[in-house]
Amino acid sequence: MYESGPQPLGWLDYVMFILLLVAATLTGLYHNFKKGGQKTTQQFLLADRSVLSLPVAMTLLVSFVSPITLLGTPAEIYHYGGQFMIFVFSALLLYPMMTLIFVPVFYGLKITTAYEYLHKRFGLSLRLLGAFVFTIQTVIYMSIVTYTPALAIEAVTGFAVWKIILLTGLVCTVYTALGGLKAVIYTDVIMFVVIIISMLLVIILGTIRAGGFGYVLEVNAEADRLNILSFPFDPTVRMTFFSVLIGGALNNLSIWAVSQTAVQRFLAAKDLRSAKISVWLNMPFSAILVLVCCLEGLIMYAFYYGDGTLSYATPDPVGVTGEMLSMRSPPNLTSKDQILVYFVSEQFGNIPGFQGLFIACIMAGALSTISSGLNALVSVILIDGVRPFRVWWARRKHSELTTSDRSDTILSKILSVVLGLLSLVLAFFAPYLGTLLKLTNSVFGAAGGPLVGVFLLGMIWKRANEKGTLIGALCGFAMGLWTSMGAIATKDVDPDERLGLYNLSFMWYSGFTLLITVLVSMVMSEIFRLACEADKNHVVNPYLLVPWIRGNLSKYQDVPIGDVVKYDENDRDQADEKLEA
């Protein structure tokens, strides 16, 4: 009789797993030495702005398709039902906004980091605030992503979590530090292929093992787990149609549109058209992958909670044992997010190499996300932190600014190593923070919402100024931190006995903080316009605005994109002359 429980790894499983790590390391070595290696920051941080649309699309997808997506989404569907499947349609809101608003502005400025835009549009204060928030946000996210595959792999292999964390972090740090963004991008292409093949096999074999696609839908429908059209307007309900559709899109806008991890990929494209195409390609890619992950959750629920009418009364459909399937009981796991790894190991562990391929898939998601985060963090620290500090220090000492791009490239590689080691240390604190999907949406919603608000105001509303927007952003961050941390601290308290704000669904964190940031920024910007002559009289360089509100650009073509230009509000002709000068 077929035995339940995780199956041990075979030699072919180890080969599959090791091949992925070797391929990633060799990619880093290849780009470290190719044509003399990474000699400039343009090469190391932006891949010489020469990458084609398809690789950019692949790296965009797998940079954010981490184990949190691969393990957290099926676990969400398995434990809570199919409500999260609405997230597939959030792409219809997310990607048009990216293409119409953010990509044209970022790419047209020829900048290196997203937060350089904030300096040009508002000033140094918002640039430093944006860079600081991104750094904290990304370091936390990387620690979660580093821990996730370790926990999952431990569930089926018995390897100690700390050993897997070290292996993941060190391999990722090595190839990122050696090969820069180009190594990250082309390693992501390999990861993309591994993830797609593995997830499709799980869907196909899992559906067969559960008893067929119709049976999967029948079991979930009878348990009322496919009632995805739930329209309550109560923001405290964990998931509803609108919270997943709108809240999910806003949560991901902070990840896909304004984070340095995404913007760095836009900027690496060879031209604006390639950058836009890469975004549009991601719409079907991401929708299909999320749908596949959701189907895995439905399949597992049907397998463990179905009555067995079809799946247990028929011979083993995979042909592994050639025997009748026995009744399955839901496993008792230490973490909800281990369920998919357990299911794959229990049901398909006897297929040579299958477990190794699946573990490689989870590792691929981790490696791509961590390496992308590392490279983006290095860019932000160097471009938005170190270089402005050098200028300030040189001015203070009344000395000449002396540095070289070669030394900055070496510094970038050192920073990659330091940040990689830091993410390893923080990974050991990840298990105390909650389930993966909820935690990720909480982190990016609370911290990302205000950043999205600042960028939107800068690109769309000409009257936004530095002081008002800074106050709005700080209010948004404060409310987001208060809400998310309060919810975590009181997670075991009865909802009726804690502050109502702590009951807000994590799917609305980004929308909540974005709304606060925009409203406060608009009000404060108008107050400063009335109270301060310098804020009252200014015009924004149109290249810092979205294309469809720029107006006539012919007379601004030679204007450097920098600080706002002061002018007399009653003399716009004089303002145009100043811009042209």
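Per chain, residues are indexed from 1 in the order of the written sequence. A pLDDT threshold of at least 70 governs which residues receive local features in this predicted model, and a stricter bar of 80 or more applies before side-chain atom pairs are shown or counted, although totals over entire chains, interfaces and linings include all residues. Note that the side-chain values use all heavy atoms of the structure and ignore hydrogens as well as water.

- With an unreviewed UniProt entry as reference, the protein chain is termed Sodium-dependent multivitamin transporter, source organism Holothuria leucospilota.
- UniProt positions are given in the numbering used here, feature names are shortened, and annotations may be inferred rather than shown by experiment. Here is the UniProt Sequence similarities (unreviewed entry) comment for the protein chain, exactly as written: "Belongs to the sodium:solute symporter (SSF) (TC 2.A.21) family."
- UniProt annotates the protein chain under Subcellular location (unreviewed entry) with the comment "Cell membrane".

Considering the packing of aromatic side chains
Here is step 1: Each pair of aromatic rings taken from Phe, Tyr and Trp, with Trp reduced to its six-membered ring, is defined by centres within 6.5 Å and is described as stacked if the planes are under 30 degrees apart, edge-to-face if over 60, and tilted in the remaining cases. Using the criterion set out here, one finds 16 aromatic pairs in the structure.
Here is step 2: Ring centres of tyrosine 78 and tyrosine 305 lie 6.0 Å apart, and the angle between their planes is 50°; on these two criteria the pair is classed as tilted. With tyrosine 78 in helix 4 (residues 67-80) and tyrosine 305 in helix 12 (residues 272-305), this pair connects stretches of sequence that are 227 residues apart.
Here is step 3: Overall, tyrosine 305 belongs to the partly exposed group, its relative accessible area being 45%.
Here is step 4: Both rings, one in phenylalanine 84 and one in phenylalanine 87, keep their centres 5.1 Å apart while their planes meet at 10°; by these two values the pair is stacked.
Here is step 5: Throughout, exposure labels follow a simple rule: accessible area from a 1.4 Å probe, protein chains only, divided by the maximum for the residue type, with under 20% read as buried, over 50% as exposed, and the rest as partly exposed. Since its relative accessible area comes to 5%, phenylalanine 84 is described here as buried. Starting at the N terminus, helices and strands are each numbered in turn, a helix being any DSSP run of H or I of at least four residues and a strand any DSSP run of E of at least two.

Here we look at the nonpolar core
Here is step 1: The nonpolar core is taken to be a set of buried Ala, Val, Leu, Ile, Met, Phe, Trp, Tyr and Cys residues, with the residues joined through side-chain atoms within 4.5 Å. Core analysis: the largest hydrophobic core is formed by 150 residues, its most contacted members being Phe102, Tyr117 and Phe455.
Here is step 2: It is helix 14 (residues 354-397) that provides the largest number of residues to this core, a total of 17 residues.
Here is step 3: Contact partners of tyrosine 117, with chain neighbours within four places excluded, come to Val105, Phe106, Leu109, Ile111, Phe455, Gly458, Met459 and Leu544. By definition, residues are in contact when any of their heavy atoms lie within 4.5 Å.

Quick word on the packing of helix 13 (residues 339-348) against helix 14
Here is step 1: As a packed pair, helix 13 and helix 14 sit with axes 10 Å apart at the nearest point and diverge in direction by 165°. Classified by the angle their axes make, helix 13 and helix 14 are roughly antiparallel. Where helix 13 crosses over helix 14, the handedness of that crossing is right-handed. Where helix 13 abuts helix 14, its residues Leu340, Val341, Val344, Ser345 and Phe348 lie against Phe354, Gln355 and Phe358.
Here is step 2: The residue classification treats Ala, Val, Leu, Ile, Met, Phe, Trp, Tyr, Cys and Pro as nonpolar and Asp, Glu, Lys and Arg as charged. All others, Gly included, are polar. In the contact of helix 13 with helix 14, the residues fall into six nonpolar, two polar and no charged. In this analysis an axis means a line fitted to C-alpha atoms, helices contributing only their contacting stretch, and an angle means the value between N-to-C directions, from 0 to 180 degrees. Put simply, angles under 35 degrees are roughly parallel, angles over 145 are roughly antiparallel, angles from 65 to 115 are roughly perpendicular, and the rest are oblique. Left-handed describes a crossing whose near helix is turned anticlockwise from the far helix by less than a right angle; the clockwise case is right-handed.

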